[in-house]
Amino acid sequence: MNNTYDNEMKIEFLSKSNNEAFARISVAAFIAQLDPTLEEIADIKTAVSEAVTNSIIHGYEEKTGIVKLNCKITKDEVFIEVSDSGKGIENVEIAKQPLFTTKANLERSGMGFTIMESFMDDVQVESVLGIGTKVTMKKKIKNNSQEEEKIAITTRREA
Amino acid sequence: MESFFQKEDKQLVFKINEDIDEYCAQKIRRRLDNEIERYMPKEIIFDFSNVSFMDSAGIGLLIGRYKFARMLGGNVKVSNINTSIRKIFEMSGILRIIPETKEEYKNKKEVQYE
Ligand SMILES: Nc1ncnc2c1ncn2[C@@H]1O[C@H](COP(=O)(O)OP(=O)(O)O)[C@@H](O)[C@H]1O
Ligand SMILES: [Mg+2]
């Protein structure tokens, strides 16, 4: 694991679903320094929203608890960790299957982990029943200025 | 959220003006169902022109309304979805049952605002 991060932030908030927007917007604001594309920002916001929502509605259910969000960046990578001290997941492999949900009664679609996995480069889930769940995600940022440089180089070559 | 109903075509339009996440879904679900029950529309259109963000809660919300509308004999469509929301729609396969409509829904002047 790379320990030399360029920047890091941590926030903790109560497990209320009106904090979902706060969480994803905070991460989007923090990673702006990497100059990500709009698509990268949208992907990361969605993945954060999925992980945070899971902690709130599955981890803590009706109870109030604390959701922890940790975000670290290097020059071109974003690392996000979302954790709760909620009820935990019995079988992570099954939980990750598309359409699997234990809360169909709440109209959950079971697509949360599928979205996290397809929008991020890597997703790890650690969970212990009765102790809690930690989701760690990683995404490489091909930032805009690098793209612009590439375009500048190719156009120079062509000229 | 705004909604308008076009009597002639029995078309009910829901225009959502916020991010669609679990918080939003919990808030508007009941109201959507109340209006569907009240107007018994033949067609329901979710207009996404003012929605910049949606996560998987939106899929659950739409499938739930789809099931309810079908039970009452109506169809559901979506319009004006942005690129990042389209990605979620495509990944979930939801467009197979809730297709995208490009046609402008009826002239809003004839429409009765709620
Ligand atoms: N933080 C968590 N704590 C406890 N259970 C969780 C957590 N995150 C996910 N789960 C379990 O994994 C299942 C699948 O999650 P997900 O793919 O996000 O679908 P959904 O949230 O729509 O149910 C959930 O239904 C729940 O049983
Ligand atoms: Mg989920």
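Worth saying up front: this structure is predicted, and the values here are computed from it rather than measured.

Asker: Where do I start with the interface of chain B and chain A in this structure?
Answerer: Interface size, as often reported, equals the accessible area lost upon joining of the parts. Listed per partner, the contact involves 21 residues of chain B and 24 residues of chain A. Counting each side, the surface lost to burial between chain B and chain A is near 1,700 Å², with a carbon and sulfur contribution of 54%. At the junction of chain B with chain A, the criterion picks out 7 salt bridges. Residues Arg108 of chain A and Glu22 of chain B are paired through a salt bridge, measuring 2.5 Å at the closest nitrogen-oxygen approach. Applying the counting criterion to the chain B and chain A interface returns 13 residue pairs in polar contact (both at pLDDT 80 or more). Listed by contribution, the elements that provide at least two residues to the side of chain B that touches chain A are α1 (22–39), α2 (56–71) and α3 (83–92) of chain B. At 7 residues, α2 of chain B tops the list of elements feeding residues into the side of chain B that touches chain A. When the residues that make up the side of chain B that touches chain A are grouped by side-chain class, the tally is 8 nonpolar, 6 polar and 7 charged.

Asker: In this structure, what is going on with the site of ligand 1? I would like to understand it.
Answerer: All names here are of chain A. Surveying the vicinity of ligand 1 reveals 18 residues, the closest of which are Asn54, His58, Thr101, Thr102 and Gly110. A distance of 2.9 Å separates a nitrogen atom of ligand 1 from a polar atom in the side chain of Asp84. One of the backbone N or O atoms of Phe113 is found 3.0 Å from an oxygen atom in ligand 1. When residues of the shell around ligand 1 are traced back to their parent elements, those giving at least two are α2 (38–59) and α4 (112–119). Considering each element in turn, the shell around ligand 1 owes the most residues, 4 residues, to α2. Split by residue class, the shell around ligand 1 holds 5 nonpolar, 11 polar and 2 charged.

Asker: Help me out: how do you make sense of the side chain of Ser83 of chain A in this one?
Answerer: Mapped onto the secondary structure, Ser83 of chain A falls in strand β3 (residues 77–84). Exposure remark for Ser83 of chain A: the relative accessible area of 16% places this residue in the buried category.

Asker: What's the story with the packing of α2 of chain A against α4 of chain A in this structure? I'm lost.
Answerer: What describes two packed helices is the angle between their axes and the distance between those same axes. Residue and element names in this part refer to chain A. In the contact formed by α2 and α4, the axes pass within 9 Å of each other and the chain directions differ by 150°. With respect to each other, α2 and α4 are oriented roughly antiparallel. The element α2 and its partner α4 pack so that their crossing is left-handed. On α4, the residues touching Asp43, Thr46, Ala47, Glu50, Ala51 and Asn54 of α2 are Gly112, Phe113, Ile115, Met116 and Phe119.

Asker: What exactly am I supposed to notice about the sheet that holds strand β5 (residues 132–140) of chain A here?
Answerer: All names here are of chain A. Pairing within the open sheet is antiparallel, and its 5 strands lie in the order β1-β2-β3-β5-β4. Two strands close off the open sheet at either side, each with one partner strand: β1 (7–14) and β4 (122–128). Each strand axis lies, on average, 10° off the axis of its neighbour in the sheet, ignoring direction. Running over the sheet, helix α1 (residues 20–31) touches β1, β2 (66–73) and β3 and is turned about 170° from β1. Sitting on the sheet, α2 touches β1, β2, β3 and β5, and the angle it makes with β3 is about 10°.

Asker: Would you explain the packing of α4 of chain A against α3 of chain B in this entry?
Answerer: Axis separation between α4 of chain A and α3 of chain B bottoms out at 11 Å; the angle between their running directions is 120°. When the axes of α4 of chain A and α3 of chain B are compared, the pair comes out oblique. Read as a crossing pair, α4 of chain A and α3 of chain B show a hand that is right-handed. Contact residues: α4 of chain A offers Thr114, Ile115, Ser118 and Phe119 of chain A, while α3 of chain B offers Lys87, Ile88 and Met91 of chain B. In terms of residue class, the contact of α4 of chain A with α3 of chain B is built from 4 nonpolar, 2 polar and 1 charged.

Thresholds applied
Residues numbered from 1 in each chain as written. Chains lettered and ligands numbered in written order. Predicted model: local features only at pLDDT ≥ 70, side-chain atom pairs only at ≥ 80, totals over all residues. Heavy atoms only, no water. Contact = heavy atoms within 4.5 Å. Buried area = accessible area lost by both parts, 1.4 Å probe. Salt bridge = Lys/Arg side-chain N within 4 Å of Asp/Glu carboxyl O. Polar contact = N/O pair within 3.5 Å; in protein donor to acceptor, adjacent residues only side chain to side chain. Helix = DSSP H or I, 4+ residues; strand = E, 2+ residues; numbered from the N terminus. Nonpolar A, V, L, I, M, F, W, Y, C, P; charged D, E, K, R; others polar. Near = heavy atom within 4 Å. Buried < 20%, exposed > 50% of the residue type's maximum accessible area, 1.4 Å probe, protein only. Axes fitted to C-alpha atoms, helices over the stretch in contact; angles between N-to-C directions. Parallel < 35°, antiparallel > 145°, perpendicular 65-115°, else oblique. Left-handed = near helix turned anticlockwise from the far one by under 90°. Pairing = 2+ DSSP bridges.

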